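Here are the chains, one letter per residue:
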Amino acid sequence: MPYLSYISILAVIASFCSGPGGIPFVLTGELFEQSYRPAAFMIAGTVNWLANFAVGLLFPFIQETLQSFAFLVFVVVCVLGAIYLFVVLPETKNKTFMDISKSFAKINKIPAPLPSNEMELVLSSKPDMNGIVQDIAKMESSF
């Protein structure tokens, strides 16, 4: 029986990693421009591991309380997450990063970034005597 338990745990981990385990990393690479991608990967990975840690700690208590209905909690969380993602995330199929940024700007009711001015701002910024660019805010870009 201990060997069966060990094999079952490994099977669950392997199926999770090859299935929904990679979703935070796929979404992060698809939704964020290159300049913001490292920070987004860090946040997505941290939230993913914290959520896995919380589930690992809380599941024994949930199972003790709800017994055979313990997985209904996860069904509710998954349904609410799917509804949230369907409502909040824009469609990204066949869209560029700038199109996705414009979609997010429209959802959040903020001015959309102007890609035509971005390259001009980067090329027109000149370093001072120490080699430091004066207006670092202009240097953030999506390339």
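For clarity, every value in this text was computed on a predicted model and none was experimentally measured.

## Examining the overall build of the protein
From N to C terminus, the protein includes six helices and zero strands. Out of the 143 residues in the protein, the part that is buried amounts to 16%. The contacts of the protein with a sequence gap of at least 6 include a subset with a gap of at least 24, amounting to 37%. Carbon and sulfur atoms provide 73% of the accessible area of the protein, an area that totals close to 11,300 Å².

## Thoughts on the packing of aromatic side chains
Overall, the coordinates contain three aromatic pairs when judged by the stated rule. A ring pair is formed by phenylalanine 59 and phenylalanine 74, whose centres lie 5.9 Å apart and whose planes are at 40°; its orientation type is tilted. In this pair, phenylalanine 59 is assigned in helix H3 (residues 37-66) and phenylalanine 74 in helix H4 (residues 71-88), connecting sequence segments 15 residues apart. Taking the centre distance of 6.2 Å and the plane angle of 45° together, the rings of phenylalanine 71 and phenylalanine 74 count as tilted. You can see phenylalanine 71 and its partner phenylalanine 74 sitting in helix H4, three residues apart, about one turn around the helix. The exposure class of phenylalanine 71 is exposed, given its relative accessible area of 54%.

## Focus: the side chain of arginine 37
Positionally, arginine 37 belongs in helix H3. Judged by its relative accessible area of 15%, arginine 37 falls in the buried class. Excluding residues within four positions of it along the chain, arginine 37 makes contact with Thr28, Gly29, Phe32 and Phe97.

## A word on the packing of helix H2 (residues 23-31) against H3
Running from N to C, H2 and H3 point in directions that differ by 160°, and their axes come no closer than 9 Å. Compared by their axis directions, H2 and H3 come out roughly antiparallel. Of the two elements, H2 crosses H3, and the hand of that crossing is right-handed. Counted together, Pro24, Phe25, Thr28 and Gly29 of H2 and Arg37, Ala40, Phe41, Ala44, Gly45 and Asn48 of H3 form the full contact between these two elements. Taken together, the residues that form the contact of H2 with H3 break down as five nonpolar, four polar and one charged.

## A word on the UniProt feature "transmembrane region" (unreviewed entry) in the protein
In the UniProt entry, the feature "transmembrane region" (unreviewed entry) is given for residues 6-27, 39-62 and 68-89. As annotated, residues 39-62 has a helix share of 100% and a strand share of 0%, and its two end C-alpha atoms lie 33 Å apart. Strand forms 0% of residues 68-89 and helix 82%; the C-alpha atoms that close the span are 34 Å apart.

## Observations concerning a nonpolar patch on the surface
Taken together, the side chains of Leu66, Phe69, Leu72, Val73, Val75, Val76, Val77, Val79, Leu80, Ile83, Phe86 and Val87 present a nonpolar region at the surface, about 1,200 Å² in accessible area. Here the nonpolar patch gets 10 residues from one element, more than from any other, and that element is H4. Note on placement: isoleucine 83 falls in helix H4.

## Some points on the confidence of the model for the protein
Mean pLDDT for the protein: 75, with 77% of residues reaching 70 or above. The secondary structure element of the protein with the lowest average pLDDT is helix H6 (residues 115-124), at 54, and the one with the highest is H3, at 87. Under a pLDDT of 50 for its full length, residues 135-143 has, in the predicted model, 20 contacts with residues more than four places off or in other chains.

Thresholds applied
- Residues numbered from 1 in each chain as written.
- Predicted model: local features only at pLDDT ≥ 70, side-chain atom pairs only at ≥ 80, totals over all residues.
- Heavy atoms only, no water.
- Helix = DSSP H or I, 4+ residues; strand = E, 2+ residues; numbered from the N terminus.
- Buried < 20%, exposed > 50% of the residue type's maximum accessible area, 1.4 Å probe, protein only.
- Contact = heavy atoms within 4.5 Å.
- Areas by Shrake-Rupley, 256 points an atom, 1.4 Å probe, with all protein chains shown as cover.
- Phe/Tyr/Trp six-rings, centres within 6.5 Å; stacked < 30°, edge-to-face > 60°.
- Axes fitted to C-alpha atoms, helices over the stretch in contact; angles between N-to-C directions.
- Parallel < 35°, antiparallel > 145°, perpendicular 65-115°, else oblique.
- Left-handed = near helix turned anticlockwise from the far one by under 90°.
- Nonpolar A, V, L, I, M, F, W, Y, C, P; charged D, E, K, R; others polar.
- UniProt positions renumbered as here; feature names shortened; annotations may be inferred.
- Patch = residues over 30% accessible without salt bridge, like charges linked within 9 Å, V, L, I, M, F, W, Y side chains within 5 Å.
- Salt bridge = Lys/Arg side-chain N within 4 Å of Asp/Glu carboxyl O.
- pLDDT = per-residue confidence, 0-100.

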